[in-house]
Each structure stands twice: as C-alpha cells, then as structure tokens.
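Fold and contact review
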Amino acid sequence: MSFANLHDDIGNDLFDHKEQLNRLDEFHYPRFKEGTMKFSAIVCCFSGTESWQDMQECIVYANDCIHSSKHFSFNNDKDIQVFIAVEGMCGIKEDVTNKIQWLYNHNVRLGSLCWNDDNALACGARTNNKPLTDLGVEAIQAMNHIGIAIDTSHCCEWNFYDIAKTSTKPIIASHSNVKALYNHYRNLSDLQLDIIRNKQGLVGGIPVRWFVKNKKENATLDDFIEILEYLKEKIGIEHIALGFDFMDYIPGMEDSNVVGMKDITEIQNIALKLKKNEFTDEEINAICFNNAYSFMQNYL
Ligand SMILES: [Zn+2]
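Below or above, wherever it landed, is the structure these notes cover. (Residues numbered from 1 in each chain as written. Predicted model: local features only at pLDDT ≥ 70, side-chain atom pairs only at ≥ 80, totals over all residues. Heavy atoms only, no water.)

**Comments concerning the pattern of salt bridges**
We apply this condition: We define a salt bridge as a side-chain nitrogen of Lys or Arg found within 4 Å of a carboxyl oxygen belonging to Asp or Glu. Under the scheme used here, helices are H or I runs from DSSP no shorter than 4 residues and strands are E runs no shorter than 2 residues, and both carry numbers assigned from the N terminus. The classification of residues rests on relative accessible area computed with a 1.4 Å probe and restricted to protein chains. Under 20% of the type maximum is buried, over 50% is exposed, and intermediate values are partly exposed.
Counted according to the given criterion, the structure contains 15 salt bridges. Between Arg23 and Asp13 there is a salt bridge; the shortest N-O distance is 2.6 Å. One end of the pair, Arg23, is in helix H2 (residues 23-35); the other, Asp13, is in helix H1 (residues 10-16), with 10 residues separating them in the sequence. Here Arg23 and Asp13 have matching classes, each one buried. For Asp194, the salt bridge goes to Lys234, with nearest N and O atoms at 3.7 Å. Remark: Lys234 occurs in helix H9 (residues 221-235) and Asp194 occurs in helix H7 (residues 190-198); sequence separation between them is 40 residues. Judged by its relative accessible area of 25%, Lys234 falls in the partly exposed class. Overlapping salt bridges, with partners in common, bring together Lys33, Lys38 and Asp79 in one network.

Right, dumping it as structure tokens:
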C-alpha cells in the first residue's frame, strides 16, 4: 500500500541539520522507501518568534534540498513527490498578498496561518479563542486566489469558523483528531468535522499518541483506528487522510507515535489494521493515499 502524508516537519529537520548536506536522501529516503511513503508535505514550521526573513531562509533551504535530491521531486518524475507546507506565518505582519505569492513561488502549496502562537493573522487553539484578524482574512483570500490549500489544524475554533466562512475553497485539518474521542485543544469538534465535510475538505488523522489519548495512557494503533472508524461514520471515507507528524527523528521524541507503529517504517501496520477492521481495499487506499494525493493534485 502506498501512503501520502499531509504533515511532516522535514523542512525544519533539514534546516536544523545543514551540516548533513544530503540528509534528505541519506537519512529520510531509506525510511520513506521502507514505509512506501510516496507523497508528502515537507513542512516548515514557524512557532511564533520567526521573522519573515527567518521564514524565507528555511523555505529556500528546503527548496534547495528538494531540487538537488535524487529521489524527491516537486513533480512526478522521481520516486517520491513532495510539496512544501508552511505551518504558521508569524513572519507575515504586512504586505500579506505579496508574501503569500512569494510562498507560492517557492512551492508552498499548503499553509496554516498560525502554529500555537497568536500572531498578526491568526491565533492558535492552545493560546486563545478570538476572531481572525483583517490581515488573516486577506491571507485566506490570497491563498484561495493564488492556489495554496488552507490548513486549519492549529487555529482556535473562532478562527476556524472565520476561515471556513472566508475561504471559497475546501479546507484541510492536516493533522488533527476527534474531540468526541479525546478532548484535546488540537482535536476537532463534531461541528468542525461537519464543516470540513460540507466544504469538501479533508481531515488528516494523526497517530501521535498524545493527540489520540491522554499522554499517560499510552495510546495504541487500535485506539487510532477507532478515530478513523469514527471519521468514516461521521464524515465519510472521502474526507479522511493521514497527517503523521513524525517526531521520532527528534532526539527525546522517539516514542511519540502510538504503540504498534513506531515510525514511518511501520506505517503499513495501519493498512493491515484497517483491513482487519473490515475496511475494504478501496477504502484503505483512499485513506492512506488517494484522498490526500488527489486533493493536492489540484494545487500542484
Ligand atoms: Zn503541528
């Protein structure tokens, strides 16, 4: 089974390991290969303190790494197809539309306005609950117009409804789970799920254990499958994808994933478990690969 991933902070990982010139091909590629990950977001995450110049440096570096890779490409001409995603736009405080255009010109095809921070555009769910700013509205309109898909995974609920109201295009929650199963600020309420479905969007389920269950409870792959079952019932197979947010390659975060899927090399376990839980091959392919791949094709 091939997989597609809506969220992986590899952009930051590459930027933080500049001394390893071929890290994308030498470290990440063998892992992708083993897991049969064929399509992925290369995320550059900005947590709230970064300037516009900081954002540009990280995004340009990620572009350079992909352009010089033997295995990864922005097109369909190598083993693994990727696009850049931006998580948080704290560096954008003015000149919004031109900066969104710059992001597009540097292969950004998915973006969220904030991480957990409260910035000039939007506010993260961990921090507060307030309306989208005027600059945030301008950013959403520019993303719609220029062709960058909108990710609502980190924003607060009030921002979420404002974004849903403003955006003329579908919205994605690239790496969020279900509030009805675990009440975490990053998970989605049933109303939010309905809105994503009604706007023809996607929810990327995230098998990082502390978004599945309370951290102390050691969530398992079976617990994560329950989330996918809930989403199937609630919004339908066609709106489900995966946003893995692998952190196991960050020192100290090796056990971030649910028990039963330790890292990208074991993602086939998701397909096997879905099969055991009576998902059809077509449904498994839709969740694991096709929904995310088809959605993003409209932007590539
Ligand atoms: Zn995130």
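**Details of the coordination of the zinc ion**
To be explicit about the condition: The donor set covers N, O and S atoms within 2.8 Å of the metal, switching to 3.2 Å for Na, K and Ca, and it leaves out water, so a site may look short of donors.
Within the first shell, the zinc ion binds the protein through Glu87 (OE), His154 (NE2) and His175 (NE2), at distances of 2.0 to 2.2 Å. Of note, the zinc ion draws all its donor residues from one chain, in the sequence arrangement E-x66-H-x20-H. A residue pair is termed long-range when its members are at least 10 positions apart, and His154 in the loop between strand S6 (149-151) and helix H6 (157-166) and His175 in the loop between strand S7 (171-173) and H7 qualify at 21 residues. Each member of the pair, His154 as well as His175, carries the same accessibility label: buried.

**A short note on the side chain of Asn291**
Rule in force here: Working rule for contacts: check all heavy atoms of both residues, and any pair within 4.5 Å makes them a contact.
Following the sequence through the fold, Asn291 ends up in helix H11 (residues 281-297). On the accessibility criterion, Asn291 (12% relative accessible area) is buried. Setting aside residues up to four positions removed in sequence, Asn291 forms contacts with Leu202, Ile237, Glu238, His239, Ile240 and Ala286.

**Some thoughts on the packing of aromatic side chains**
Stated precisely, the cut-off is as follows: In this analysis, rings of Phe, Tyr and Trp, with Trp reduced to its six-membered ring, are considered paired at centre separations within 6.5 Å, and the interplanar angle assigns stacked below 30 degrees, edge-to-face beyond 60, and tilted for intermediate values. Only when the NZ of Lys or the CZ of Arg is both within 6 Å of the ring centre and within 35 degrees of the ring normal is a charge said to sit over the ring.
As enumerated under the stated definition, the model contains 13 aromatic pairs in all. Note on Trp210 and Phe211: the rings are 6.4 Å apart at their centroids and 45 degrees apart in plane angle, and the pair reads as tilted. For the pair shown, Trp210 and Phe211 are each scored as buried. An aromatic cluster of three or more residues is present, and its members are Phe39, Phe83, Phe289 and Tyr293. Cation over ring: Arg186 sits above Phe211, and NZ or CZ is 4.8 Å from the ring centre.

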